[in-house]
Amino acid sequence: MKYIVLLALALVFSSCNTCIGVYRDAKQGVIWTQQKIQGSGSSGGTSDPYGAPTY
């Protein structure tokens, strides 16, 4: 039963901006962490290479 509910939720949320937002947040977190570790002080955001709108 759990698997059916998880599958249904995955199908519902895969078509909305939630998945895009989670992906972008995770990607930005990785970029921020890499910049902090490597010591580059640039805090400028990166543009999305796929041309998707940024909200």
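The rules behind the values
Residues numbered from 1 in each chain as written. Predicted model: local features only at pLDDT ≥ 70, side-chain atom pairs only at ≥ 80, totals over all residues. Heavy atoms only, no water. Helix = DSSP H or I, 4+ residues; strand = E, 2+ residues; numbered from the N terminus. Buried < 20%, exposed > 50% of the residue type's maximum accessible area, 1.4 Å probe, protein only. Areas by Shrake-Rupley, 256 points an atom, 1.4 Å probe, with all protein chains shown as cover. Patch = residues over 30% accessible without salt bridge, like charges linked within 9 Å, V, L, I, M, F, W, Y side chains within 5 Å. Salt bridge = Lys/Arg side-chain N within 4 Å of Asp/Glu carboxyl O. Expected span 1.5 Å × (residues − 1).

Draft legend 1. The overall build of the protein chain, seen in detail. When its secondary structure is counted, the protein chain shows two helices and zero strands. Taken over 55 residues, the protein chain has a buried fraction of 7%. Approximately 4900 Å² of the protein chain is accessible, and the part contributed by carbon and sulfur atoms is 67%.

Draft legend 2. Here's a closer look at a nonpolar patch on the surface. On the surface, Met 1, Tyr 3, Ile 4, Val 5, Leu 6, Leu 9, Val 12 and Phe 13 cluster together into a nonpolar patch covering about 920 Å² of accessible area. As for its placement among the helices and strands, Val 12 is situated in helix H1 (residues 2–13).

Draft legend 3. Summary view of H1. With 12 residues, H1 should cover 16 Å at 1.5 Å per step; its first-to-last C-alpha distance of 16 Å lies within 8% of that length. A small share of H1 lies buried, amounting to zero of its 12 residues.

Function cannot be inferred from these measures alone, as they are strictly geometric.
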